[in-house]
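Residues per chain, in single letters:
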Amino acid sequence: MYKRIVVLTGAGISAESGIRTFRDQDGLWERHHIEDVATPEGYARNKELVEAFYNDRWQQLLSAGVEPNPAHLALARLEKEFDGEFLLITQNIDNLHERAGSFKLIHMHGELVKGRCPQSGQTFLLTEPFGPDHLCTCCIPGQRLRPHVVWFGEMPLGLDRIQFALEECDLFIAIGTSGTVYPAAGFVDTANHHGAHTVEVNLAPPARDSEFQLHLTGKAGEIMPTLVGQILSGEKISGSC
């Protein structure tokens, strides 16, 4: 039935694996003001504070009990077994999709497990926490690595490739994302405009003005294995997943 699938995942899919979400109800990110730990200006003011913030999250990702859940595994299965074109876009900076077996993947907000040289832009897999002695090997002298994370005021990654995939796909699925932050909030409009079937999977009920054609309410880890099986069997997704 489907020939080109694009999937977008957000914080909800990682929350089911025990990853804390950034933003609290009071607008703070784990007791920090956003402008202090998630902007280039905050990093320029206090590198140590920003590094400590991301080091804590990196350590959490490596902790026992944080593992890919059935939704991550189902998406890896879809990529492996689907005969058509497939692209997975994630707003998450963890590596749970990779650990589940996904490869056709764009981290539009960067990756927690990598540092980036501020001069060359080259990325390096983290083997130690960020700090003044954690330097790149691409420059002489080595540059202090910054988190490979897209902060407020910076451009998300891979947008050209994402835009092309959304214009070409015939199925767009968004999983565990609020759909309120742009540019990701506009992905469903692009997919709809080009004739795709658009499906939302979320714990929260759909917003009144939602543009998705179908809403599946519940845990991604419970919905996605069945939904992927339905896709691979050649069926059109329905509300029965």
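The structure we're discussing is the one just above.
Attention here is on the structure that accompanies the text. Per chain, residue numbering runs from 1 following the sequence as it is written. Totals for whole chains, interfaces and linings use every residue, but because this is a predicted model, local features are given only for residues with pLDDT of at least 70 and side-chain atom pairs only at 80 or more, for both listing and counting. In computing side-chain values, all of the structure's heavy atoms are included and hydrogens and water are not.

Observations concerning the overall build of the chain
- Working definition: helices are DSSP H or I runs of at least four residues, strands are E runs of at least two. Numbering for both runs from the N terminus. Scanning the chain from terminus to terminus reveals 9 helices and 9 strands.
- Based on the C-alpha atoms only, the size of the chain along its principal axes is roughly 55 × 40 × 35 Å.
- Residues count as neighbours in contact if any of their non-hydrogen atoms are within 4.5 Å of one another. Long-range pairs, those at least 24 residues apart, make up 61% of the contacts in the chain between residues at least 6 apart in sequence.
- To measure how exposed things are, a 1.4 Å probe is used in the Shrake-Rupley method; for residues, cover is taken only from the protein chains shown. For the chain, the accessible area works out to roughly 11,900 Å², and carbon and sulfur atoms hold 51% of it.
- Here Asp and Glu are counted as negative and Lys and Arg as positive; His is not counted, and neither are the chain ends. Taken as the charge centre is NZ of Lys, CZ of Arg, CG of Asp or CD of Glu, depending on the residue. With 20 positive and 31 negative side-chain charges, the chain shows a separation of 2 Å between the mean positions of the two kinds.

Looking at the packing of aromatic side chains
- Any pair of Phe, Tyr and Trp rings, taking the six-membered ring for Trp, is counted once the centres come within 6.5 Å. Such a pair is stacked with planes under 30 degrees apart, edge-to-face with planes over 60 apart, and tilted for the rest. Counting across every chain of the model gives 4 aromatic pairs.
- Here Phe-53 and Tyr-54 contribute two aromatic rings whose centre-to-centre distance is 5.0 Å and whose plane-to-plane angle is 85 degrees, an arrangement assigned as edge-to-face. When sorted by exposure, Phe-53 lands in the same class as Tyr-54, which is buried.
- Ring geometry for Phe-172 against Phe-212: centres 6.1 Å apart, planes inclined by 15 degrees, an arrangement best described as stacked. Remark: Phe-212 occurs in the loop between strand E8 (197-202) and strand E9 (214-217) and Phe-172 occurs in strand E7 (residues 171-175); sequence separation between them is 40 residues.
- Given the relative accessible area of 15%, Phe-212 is considered buried.
- Taken together through their ring pairs, the aromatic side chains of Tyr-43, Phe-53, Tyr-54 and Trp-151 make up a single cluster. Three exposure classes are used, based on accessible area relative to the maximum for each residue type with a 1.4 Å probe and protein chains only: buried under 20%, partly exposed in between, and exposed over 50%.

Topic: the pairing of E9
- Alternating residues of E9 divide into Leu-214 and Leu-216, all buried, and His-215 and Thr-217, none buried.
- The pairing of E8 with E9 spans 4 bridges and is classified as parallel. Within E9, the position partnered with Val-199 by the bridge is Leu-214. Strand pairing requires that DSSP identify at least two bridges connecting the strands.

What to know about the sheet that holds strand E5 (residues 123-125)
- A sheet is described by the order of its strands in space; here 3 strands give the open sequence E5-E4-E6, paired in antiparallel fashion. Edge positions in the sheet fall to E5 and strand E6 (146-149), since each of these pairs with one other strand and no more. Within the sheet, the average angular offset between the axes of one strand and its neighbour, ignoring direction, is 55 degrees.
- Note that strand E4 (residues 110-116) and E5 share 3 bridges and pair antiparallel. Residue Gly-115 lies in a different strand from E5, and its bridge partner there is Phe-124.
- With axes taken as lines fitted to C-alpha atoms, and helix axes fitted only over the stretch in contact, angles between N-to-C directions fall between 0 and 180 degrees. Strands E4 and E6 of the sheet are contacted by helix H4 (residues 47-62), whose axis makes an angle of about 125 degrees with E4.

Topic: the sheet that holds E9
- In space, the 6 strands of this open sheet follow the order E3-E2-E1-E7-E8-E9, with parallel pairing throughout. Strands at the two margins of the open sheet, each flanked by one partner only, are strand E3 (105-107) and E9. Ignoring which end each strand starts from, the neighbouring axes of this sheet average 15 degrees apart.
- Sheet topology places strand E2 (residues 85-90) next to E3; 3 bridges connect them, and they run parallel.

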